[in-house]
4 protein chains.
Amino acid sequence: MSTPTIQVTLVQLDNYGPWTVTPEPRRETDLQSLQARLFADVSRQVGTGGGYVFHSRFDNMIAVTNGLDDEDHTAIQRTVRNQYPVTVSLSVAASDTPAAALELASERLQRVGSAQDSNREEALVGDPLDDEARTAEDVTVAHFDVDDFTSRYTDRVDAFDAHMSVTTAYATLMRYLYRECDALSFFVGGDNIVSICPSAEPTNYQGAIQHVTAETGIELKVGIGRGRTAHEAGMSAKHALEECRTNGTRIERDLATAHGD
Amino acid sequence: MSTPTIQVTLVQLDNYGPWTVTPEPRRETDLQSLQARLFADVSRQVGTGGGYVFHSRFDNMIAVTNGLDDEDHTAIQRTVRNQYPVTVSLSVAASDTPAAALELASERLQRVGSAQDSNREEALVGDPLDDEARTAEDVTVAHFDVDDFTSRYTDRVDAFDAHMSVTTAYATLMRYLYRECDALSFFVGGDNIVSICPSAEPTNYQGAIQHVTAETGIELKVGIGRGRTAHEAGMSAKHALEECRTNGTRIERDLATAHGD
Amino acid sequence: MSTPTIQVTLVQLDNYGPWTVTPEPRRETDLQSLQARLFADVSRQVGTGGGYVFHSRFDNMIAVTNGLDDEDHTAIQRTVRNQYPVTVSLSVAASDTPAAALELASERLQRVGSAQDSNREEALVGDPLDDEARTAEDVTVAHFDVDDFTSRYTDRVDAFDAHMSVTTAYATLMRYLYRECDALSFFVGGDNIVSICPSAEPTNYQGAIQHVTAETGIELKVGIGRGRTAHEAGMSAKHALEECRTNGTRIERDLATAHGD
Amino acid sequence: MSTPTIQVTLVQLDNYGPWTVTPEPRRETDLQSLQARLFADVSRQVGTGGGYVFHSRFDNMIAVTNGLDDEDHTAIQRTVRNQYPVTVSLSVAASDTPAAALELASERLQRVGSAQDSNREEALVGDPLDDEARTAEDVTVAHFDVDDFTSRYTDRVDAFDAHMSVTTAYATLMRYLYRECDALSFFVGGDNIVSICPSAEPTNYQGAIQHVTAETGIELKVGIGRGRTAHEAGMSAKHALEECRTNGTRIERDLATAHGD
């Protein structure tokens, strides 16, 4: 049996920091708008190929790109170049865990120049997976949310309290899943956290949920899905999370079926 | 002497959670794209009036809106309604600290219905400040970033390590400044954190930076600005941060002058 | 009594033609997307100030900007610069007819350099109207549409036939109103044409409609509004056009009242 | 030898006219922005699959979709539904001329309900071409522009004169090519017109150019390309047009090679 393999792409804006303050610091709301729109566009484009992208630090986005080939990657660079005042470099790598893949992608990009090297523009390094090497179990997504967040938080505490609760729960879960099982976790809005998990070995979801509750008092539930692409895995995870809601359970898996969109 | 007053607006998507899973869970990349674009648009619109908006949880955004009146607020609602498949409710409040203002805005919105009440649509509650009550010292912005982040992190550690470092530094700073001085802090991309601070009493920036270093090992610097609007204060803070870079200092204030854009 | 005065702004992309083919011709769908988004953004921004902008040739947009001052104009340039790979030059002029104002704006811009001069970037020439010189009758908008277009065309003939009918009706009306009364007319989607008319002297709307019918067989109706800004005049015109629909009439005026949005 | 076949898709906003005036007429700049952004998004998405889309009347867009299958079409509907306050119906048809294909697509859509039938939502009718039926000569694109437009018009006459010249040249060319050879022509910004021509029989480009000059005094040149998709054909046409520029010729064909992006 072949090992499941996760493919990630590091999307790095070229020389962005200096651009934001040259010749003078640029208006913050313009930068916020630029970053959000660029992310929205990359998200749409990666999503068309079945991938996921997370905004991470906005100037460094992290994507799960099983199913996207070289041409898809150059298309992302072309679109950004043709629509924005900035360009992006991309580094692709695959490995048996998300963390290992991203580590490799990061090294590859660092090797061709600094993020603030004005001579490094639109680098594209690394290799997408061959199609025949891909399997229907390559990507595992765990979709977490907070139990009854609206009634317990949004409608009850003030908006910054709610913000701090989600941020703290996310930071705690992020570190735990990275340390314990090489997973990459991202806050995706509302009370939702999406983790890209290694498909090979079982992730200790029970332990993760308990750890977050112990550290922060916040109670998470999680739906887990698997698929050939991030989209397939993520959609299964969403359906599993709906099962949690229906059944009043904390952990549900939806590993068998493929879901549409 | 009149007390400086901060005006905040809570921007809450109406009944958004249920919408994302009705009739079936919607594609994650579409949701990411929708949320980011909506934030980008609100940012542009709030920014035109001199305000700042932070994405916070994306379905609940937090804005500093000194200078935006009722008409500006209804224009935001109209724009969202005319461009998006969702609507927003807004709650405005002013007080002497950012935390107090947001607490008041949160209560006002909670009073008119749940975030997931399908009958609450486009609520607009609270009152903007009268123009004559406003002063040139109403808003204080502290703009933090991490010393030499690119050379120490982006170009050296892997992208998730860098992500975790920034997230952890942010979470630590956010809690400290909220607890110690009622400030609201937000991650704005890259290695940048923007704090809306109470103008009335001095914020312990030295203590905040030391606390973050002690807890996380990460070294921040900060530029502080003040103004009639978030934009004015934020632009001064950016210039002060440039001063830190030039002078090799950790804390700079730029409280006297007004800057263009 | 003071003469009504129309203020127009010519928005010209700097050196855009060469950019679209350098170093190689750029992908057409990217150019279409770029042009449309840039127009959408300028439209939102001009619209916030009460103005109208028409895409015209997309690389040369024509705006009615009564109510927008210097600061509003530089904000448009800043936003484009911070969000797009291209920049815009602006030329503002006011006169007693739309055609005269645009002629003046065109001359002013031509005087500072060619549209394809790589040294002319972000020119801003001309002067907005002083606020005290403005009146509630400065802008007259005539909003035309085709009688029963959906049932007679969209649902009956093929989509290119419908496209040709609207294009031909528009081209005919555009030339007539320009020649006869110095009005500037623009196709705004669907079966809608918006004309910016001189407020001073009565426009021969009856003649225009008859001319289009005689030349093309297409029957138009029109609502006419007046206001301090394009938005005010345009909203009145829309309400007048609704009156046509209700009353089965061809021409309605709504010159008295101001409408909200 | 198999006949070249063009596949077109009619993209029609559902019940859009009534929406724009319900409950009150919506702000014109919001409508302009909505229409332009929706077109930009559809353009990006159709473009990813190698297709072209033209805004036509904005509420009815016309696409050349050789290479886009059922799944690509439902993805367009899904994206619009998840990002906009409106939905789209799609009708796909293929034939040996662009005009015949669009006529068929129009009939199919009319058969399932009116554009203003509030019960017709997200209709998807017709069938994309089987992949094995497609050839490398299915799509012919002719890309026209005006000789020395910038120096003769943009930099010399006023902006509405230039607008009228292009509009009139376009309207004249559009009717001629439709009547003479079943081609569909669209204005795409600047001084550019793109015609989708039947691949089977030679189009009389010489005659078209002469006709436009005779009727309007405007001198066009044209690059012609052919390909498996609109993008391939269009990119070849752009390169051919560059050849015209280099060689000082009026008509160039680039029918042999495939170009990248």
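If you're wondering where the values come from, they're calculated on a predicted model, not measured in any experiment.

S.K.: Whenever I open this one, the packing of aromatic side chains confuses me. Can you help?
M.R.: Two numbers describe a pair of aromatic rings. These are the distance of the centres and the angle of the planes. Scanning the model with the defined rule gives 29 aromatic pairs over all chains in all. Geometrically, the ring pair formed by Phe54(A) and Phe186(A) is stacked, given 4.2 Å between the ring centres and 5 degrees between the ring planes. Here Phe54(A), found in strand β2 (residues 52-54), pairs with Phe186(A), found in strand β7 (residues 184-187); they are 132 residues apart in sequence, far enough to count as distant. Accessibility assignment for this pair places Phe54(A) and Phe186(A) in one class, buried. Within the aromatic cluster, the residues linked to one another by ring pairs are Tyr52(A), Phe54(A), Tyr178(A), Phe186(A) and Phe160(B). Arg26(A) extends its terminal NZ or CZ atom over the ring of Trp19(A), reaching a point 3.8 Å from the ring centre.

S.K.: Can you help me understand unusual backbone geometry in this one?
M.R.: If a residue is not glycine, its phi is most likely negative; likewise, a peptide bond is most likely trans. Cis geometry marks the peptide bond from Thr22(A) to Pro23(A), where omega comes out at -5 degrees. Its location among the elements puts Pro23(A) in the loop between α1 (16-20) and α2 (28-48). One non-glycine residue, Glu122(B), lies in the positive phi region at around 55 degrees.

S.K.: Please explain the pairing of strand β9 (residues 220-227) of chain A as it appears in this structure.
M.R.: The two faces of the sheet receive side chains in turn, since in a regular strand these alternate between them. Residues and elements named next belong to chain A. Where burial is concerned, most of β9 is hidden: seven out of the eight residues are buried. Pairing geometry for strand β6 (residues 139-146) and β9, over eight bridges, is antiparallel. Within the sheet, the bridge partner assigned to aspartate 145 lies in β9 and is lysine 221. As judged from the four bridges shared by β9 and strand β10 (residues 251-254), these two strands associate in the parallel manner. Pairing of glycine 225 across the sheet is with aspartate 254, part of β10. With helix α8 (residues 230-247) bridging β9 and the parallel β10, this β-α-β connection has left-handed handedness.

S.K.: How do you make sense of the sheet that holds β9(A) when you look at a structure like this?
M.R.: Whether parallel or antiparallel, the strands of a sheet pair through hydrogen bonds between backbone atoms. Residues and elements named next belong to chain A. Taken in spatial order, the five strands line up as β7-β8-β6-β9-β10 in an open sheet, and their pairing is mixed. Edge positions in the sheet fall to β7 and β10, since each of these pairs with one other strand and no more. Ignoring strand direction, the axes of neighbouring strands in this sheet form an average angle of 20 degrees. Along the sheet, α8 makes contact with β6, β9 and β10, crossing β9 at roughly 145 degrees.

S.K.: Could you clarify how one ought to interpret the sheet that holds strand β9 (residues 220-227) of chain D in this entry?
M.R.: Residues and elements named next belong to chain D. Pairing is mixed across the open sheet formed by five strands, whose spatial order is β7-β8-β6-β9-β10. Looking at strand neighbours, the two that pair on one side only are β7 (184-189) and β10 (251-254), the edges of this open sheet. The mean angle between the axes of side-by-side strands here comes to 20 degrees, regardless of whether they run parallel or antiparallel. By the bridge criterion, five bridges tie β7 to strand β8 (residues 192-197) in an arrangement that is antiparallel. Note that in β8 the partner of serine 185 across the bridge is serine 195. Docked against the sheet, helix α8 (residues 230-247) engages β6 (139-146), β9 and β10, running at close to 145 degrees with respect to β9.

S.K.: Even after reading the chapter, I still don't get the packing of helix α2 (residues 28-48) of chain D against helix α3 (residues 70-83) of chain D, so can you show me in this structure?
M.R.: For any two helices packed against each other, one specifies the crossing angle of their axes together with the interaxial distance. Residue and element names in this part refer to chain D. For the pair α2 and α3, the least separation of the axes is 11 Å and the interaxial angle reads 150 degrees. One way to sum up the angle between α2 and α3 is to call them roughly antiparallel. Taken as a pair, α2 and α3 cross one another with a handedness that is right-handed. On α3, the residues that touch Leu38, Val42, Gln45 and Val46 of α2 are Ala75, Ile76, Thr79 and Val80. Looking at the contact of α2 with α3, its residues break down into six nonpolar, two polar and no charged.

S.K.: Before we go on, may I ask you to explain the relation of the copies chain D and chain A in this structure?
M.R.: Note: a rotation about an axis with an accompanying shift along it relates these two copies of the chain. Expressed as a screw operation, the relation of chain D to chain A combines 0.0 Å of axial shift with a rotation of 180 degrees, fitting to an RMSD of 0.0 Å. Taken together, the rotation and translation relating the two chain copies correspond to the operation of a two-fold axis. Taken as a fraction of all interface residues of chain D, those also at the interface in chain A reach 100%, which identifies the copy contact as same-surface.

S.K.: What am I meant to see in the interface of chain A and chain B here?
M.R.: Each partner contributes to the interface: chain A provides 77 residues, whereas chain B provides 77 residues. Of the roughly 6200 Å² buried between chain A and chain B, counting both surfaces, carbon and sulfur atoms make up 59%. Summed over the three residues of chain A that lose the most area to chain B, namely Arg27(A), Arg57(A) and Phe160(A), the buried surface amounts to 13% of that side. Across the contact surface, chain A and chain B share 40 residue pairs in polar contact (both at pLDDT 80 or more). Of the residues forming the side of chain A that touches chain B, the biggest block, 15 residues, is contributed by α2(A).

S.K.: What should I look at first to understand the domain arrangement of chain A in this one?
M.R.: Accessible area lost on assembly of the parts is the figure often given for the size of an interface. Residues and elements named next belong to chain A. Partitioning chain A into structural domains gives domain 1 (6-133) and domain 2 (139-254). Here the C-alpha centroids of domain 1 and domain 2 sit 25 Å apart. Taken together, the contact between domain 1 and domain 2 spans 17 residues of the former and 18 residues of the latter. In this assembly, domain 1 packs against domain 2 so that about 1400 Å² is buried in total across both faces, 74% of it on carbon and sulfur atoms. When the buried area of domain 1 at its contact with domain 2 is split by residue, Tyr52, Phe54 and Pro98 rank highest and sum to 38% of it. Our count for the domain 1 to domain 2 interface comes out at zero salt bridges.

S.K.: Would you mind going over the environment of Arg245(C) with me for this structure?
M.R.: Considering the arrangement of structural elements, one finds Arg245(C) in helix α8 (residues 230-247). Here the alpha-carbon distance between Arg245(C) and Gln206(C), two residues 39 residues apart in the chain, equals 17 Å. Apart from residues no more than four positions distant in its own chain, Arg245(C) is found in contact with Asp145(C), Lys221(C) and Val21(D). Within the structure, the side chain of Arg245(C) is placed 2.4 Å from the side chain of Asp145(C), a separation counted as a polar contact.

S.K.: In this structure, what is going on with α8(C)? I would like to understand it.
M.R.: Structurally, the α-helix is built with 3.6 residues per turn, so residues lying three or four positions apart point the same way. Under the 1.5 Å per step criterion, the end-to-end length of α8(C) is 25 Å for 18 residues, consistent within 8% with the ideal 26 Å. Those residues of α8(C) that sit buried are Ala230(C), His231(C), Ala233(C), Gly234(C), Met235(C), Ser236(C), Ala237(C), Lys238(C), His239(C), Ala240(C), Leu241(C) and Cys244(C). Looking at the buried residues of α8(C), the elements they touch are β2 (52-54), β3 (60-64), β6 (139-146), β9 (220-227) and β10 (251-254) of chain C together with α2 of chain D. A positive phi of about 70 degrees marks Gly248(C), the residue just after α8(C).

S.K.: Whenever I open this one, the interface of chain D and chain A confuses me. Can you help?
M.R.: Every contact between the two is made by eight residues of chain D and, on the other side, eight residues of chain A. Together chain D and chain A conceal approximately 740 Å² of surface at their shared face, both sides included; 39% is due to carbon and sulfur atoms. Remark: the boundary between chain D and chain A carries two salt bridges. Residues Asp41(D) and Arg44(A) are paired through a salt bridge, measuring 3.4 Å at the closest nitrogen-oxygen approach. Elements represented by at least two residues in the side of chain D that touches chain A include exactly α2 and α3 of chain D. No other element matches the four residues that α2(D) contributes to the side of chain D that touches chain A. In terms of residue class, the side of chain D that touches chain A is built from no nonpolar, four polar and four charged.

How each quantity is defined
- Residues numbered from 1 in each chain as written.
- Chains lettered and ligands numbered in written order.
- Predicted model: local features only at pLDDT ≥ 70, side-chain atom pairs only at ≥ 80, totals over all residues.
- Heavy atoms only, no water.
- Phe/Tyr/Trp six-rings, centres within 6.5 Å; stacked < 30°, edge-to-face > 60°.
- Helix = DSSP H or I, 4+ residues; strand = E, 2+ residues; numbered from the N terminus.
- Buried < 20%, exposed > 50% of the residue type's maximum accessible area, 1.4 Å probe, protein only.
- Lys NZ or Arg CZ within 6 Å of the ring centre and 35° of its normal.
- Pairing = 2+ DSSP bridges.
- Right-handed = clockwise from strand over helix to strand, strands pointing away.
- Axes fitted to C-alpha atoms, helices over the stretch in contact; angles between N-to-C directions.
- Contact = heavy atoms within 4.5 Å.
- Parallel < 35°, antiparallel > 145°, perpendicular 65-115°, else oblique.
- Left-handed = near helix turned anticlockwise from the far one by under 90°.
- Nonpolar A, V, L, I, M, F, W, Y, C, P; charged D, E, K, R; others polar.
- Least-squares fit on C-alpha atoms with pLDDT ≥ 70 in both.
- Buried area = accessible area lost by both parts, 1.4 Å probe.
- Polar contact = N/O pair within 3.5 Å; in protein donor to acceptor, adjacent residues only side chain to side chain.
- Domains from an automatic or database assignment.
- Salt bridge = Lys/Arg side-chain N within 4 Å of Asp/Glu carboxyl O.
- Expected span 1.5 Å × (residues − 1).

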